[in-house]
Amino acid sequence: MQIASQESNTLKRFVNISSNGNNRTGMGGQGVTDSDEASYKAYKNCVSNVLSKPLPSDGRLYCNATWDSWGCWNYTLAGTTAHIPCPEIIEGFDPNLKASKICTINGTWWIQPDSGRTWSNYTTCIDLLSIRDDQMVITVFIAGYSISMAAIIISLFIFFLFKQLSCDRITLHKNLFISYILNGLIWILYYTIVASNAHVLTTNPLWCKVMHVITSYFTVCNFFWMFNEGFYLHTIIVLAFTSGKRLLIACYIIGWVIPLLIVTIYTSVRGVMNGEATIRCWISDSSLHWINAGPICASLILNLIFLCNIVRVLVTKLRAVNSPDTNQTKKAVRAIIILIPLLGLQYMIIPFRPTEPAAQTIYLIIAAVVVSFQGLFVAVIFCFCNGEVIAIVKRKWGQHQLMQGKTRSRGMSFATQVTTANMDYSYTATSHQDEPSIKPCLNGKKNGKPKIHVSPC
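Residues numbered from 1 in each chain as written. Predicted model: local features only at pLDDT ≥ 70, side-chain atom pairs only at ≥ 80, totals over all residues. Heavy atoms only, no water.

A. Local environment of helix α6 (residues 206-237). For α6, which comprises 32 residues, the first-to-last C-alpha distance of 47 Å matches the rise-based estimate of 46 Å (1.5 Å per residue) to within 8%. Counting buried positions over the 32 residues of α6 gives 25, a clear majority of the element. (Helix = DSSP H or I, 4+ residues; strand = E, 2+ residues; numbered from the N terminus. Expected span 1.5 Å × (residues − 1). Buried < 20%, exposed > 50% of the residue type's maximum accessible area, 1.4 Å probe, protein only.)

B. Main features of a nonpolar patch on the surface. Together, Ile249, Ile253, Val257, Ile258 and Leu261 give the surface a local cluster of nonpolar side chains, amounting to about 400 Å² of exposed area. If you trace the backbone, Val257 turns up in helix α7 (residues 244-271). Residue classification places Val257 among the partly exposed positions, given a relative accessible area of 40%. (Patch = residues over 30% accessible without salt bridge, like charges linked within 9 Å, V, L, I, M, F, W, Y side chains within 5 Å. Areas by Shrake-Rupley, 256 points an atom, 1.4 Å probe, with all protein chains shown as cover. Salt bridge = Lys/Arg side-chain N within 4 Å of Asp/Glu carboxyl O.)

C. Representation of the nonpolar core in the model. Ranked by internal contacts, the top residues of the largest apolar core, which has 75 residues, are Leu176, Phe177 and Leu342. The element that contributes the greatest number of residues to this core is α6, accounting for 14 residues. Apart from residues no more than four positions distant in its own chain, Phe177 is found in contact with Ile152, Ser155, Leu156, Phe159, Val378 and Ala379. Within the second largest apolar cluster, 17 residues are counted, among which are Trp70, Ala78, Ile84 and Phe93. (Core = buried A, V, L, I, M, F, W, Y, C linked by side-chain atoms within 4.5 Å. Contact = heavy atoms within 4.5 Å.)

D. Geometry of the environment of Phe373. Mapped onto the elements of the fold, Phe373 is located in the loop between α10 (357-372) and α11 (374-384). Overall, the relative accessible area of 17% leaves Phe373 in the buried class. Put simply, Phe373 and Ile142 are 231 residues apart on the chain and 9.9 Å apart in space, counted from C-alpha to C-alpha. If near-sequence neighbours (up to four positions away) are discounted, Phe373 is found in contact with Val140, Gly144, Ile147, Ser148 and Ala368.

E. Just helix α4 (residues 168-195), in detail. With 28 residues, α4 extends 39 Å from end C-alpha to end C-alpha; this agrees with the ideal 40 Å at 1.5 Å per step. Counting buried positions along α4 gives 20 out of 28 residues, so the element sits mostly inside the fold.

F. Main features of the state of the cysteines. Evaluation of the coordinates by the stated rule reveals 4 disulfides. One disulfide in the model links Cys46 with Cys72; its S-S distance is 2.0 Å. One disulfide, between Cys46 and Cys72, carries an S-S torsion of 75° and so falls in the right-handed class. Of this pair, Cys46 sits in helix α2 (residues 36-51) while Cys72 sits in strand β3 (residues 72-73), and the two are 26 residues apart along the sequence. The class for Cys46 is buried, based on a relative accessible area of 1%. The disulfide partner of Cys63 is Cys103, and the gap between their sulfur atoms is 1.9 Å. Judged by the sign of its S-S torsion, about 95°, the cystine formed by Cys63 and Cys103 is right-handed. Taken as a pair, Cys63 in strand β1 (residues 62-63) and Cys103 in the loop between β6 (98-102) and β7 (111-112) lie far apart in primary sequence, 40 residues in all. In terms of burial, Cys63 and Cys103 fall into one category: buried. Here the cysteine-cysteine linkages of the protein are recorded as 1-3, 2-5, 4-6, 7-8, numbering only bonded cysteines and doing so in sequence order. (Disulfide = S-S within 2.5 Å.)

Here it is, written out as structure tokens:
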């Protein structure tokens, strides 16, 4: 799933920490753990190792041993503070950190004034630095998606505006660009109204699960339209398949219909399950994610094979026309660089997530840039820097400038005629009041001299 959707990894990590920080921290015993089975196992260990043991008989005052549903607290000397490792059963808690619980001088656990209940301090179990890093990564995701969406929208406007760009290849680009917009928009909404809202995650309403399903669908669609680009190029170049209409219909089915079937299967299976897979808006990792991720990974592998085959054919054709080796290499490298973002093969450079915290943060930032700015890269390469698009835009702009020049010329000609007419009226006859006004009119030349023709004005 790391190759298929890097944003889901960051989202899960951020959600786990932030939801615990907002809803559970410091309220030991007042929440429900993510895994009832793990919690029950921890409780059984607490009973056998701590709660079943007798109170120390050294004559000193102790607070009783207790289980607060998260942690197991041993008998603690009055007037001291007990510390235990942060529980692993709570997602987002760092087991290397410590939780604390105060035993008052009268031998009772400290009671929180607002709730009137005993209180365990789990605020120290959350790594605030991790929260900051994950918020930064999510900010990169949102910024990248927003910039990419703006570039893609401009590209689509150009593609739809100029009818000369209408062809099968551009049709594929249009659908890919639309999938970028839908995918980016739904991820931004998912980050802002689901992932960052601890109340939504804990109440687990139906609409947030629906958003999870929609997000999964558009993610799969986006990857499958990348596959369509590779499939189309490979079919046209390698297999010399020329029936564009049938090929386009196949791409429509692969890009929009098959993802719907995949996500429907995923939703149906997850919807009938119980336990952790059904809570917290389905954000938690589950083996069911491979229902979506498996086809995505397969599409990337196939695109890599397509790319290798396309480059092989390109080099073969260059050699056939006796192209120099230097030109062959340059053109092959250029083709690879252009096709990598189009086919989504940049995901191949971020397949495995490191375990060290420092390296993990760097990895997540790189993944956020690679994933969210992909739409911008594709828009720049296949629209803004496309020679065909640039030529058409220049031609249309030249035509526009020419039409503006003609309109300006007509306006100046009309103004000249009006001025001349006004001047002509000054030549009216004054000897006879009833005689019509006349003006001199130049009507060609005769014997090298202008021919004057007088006509009524």
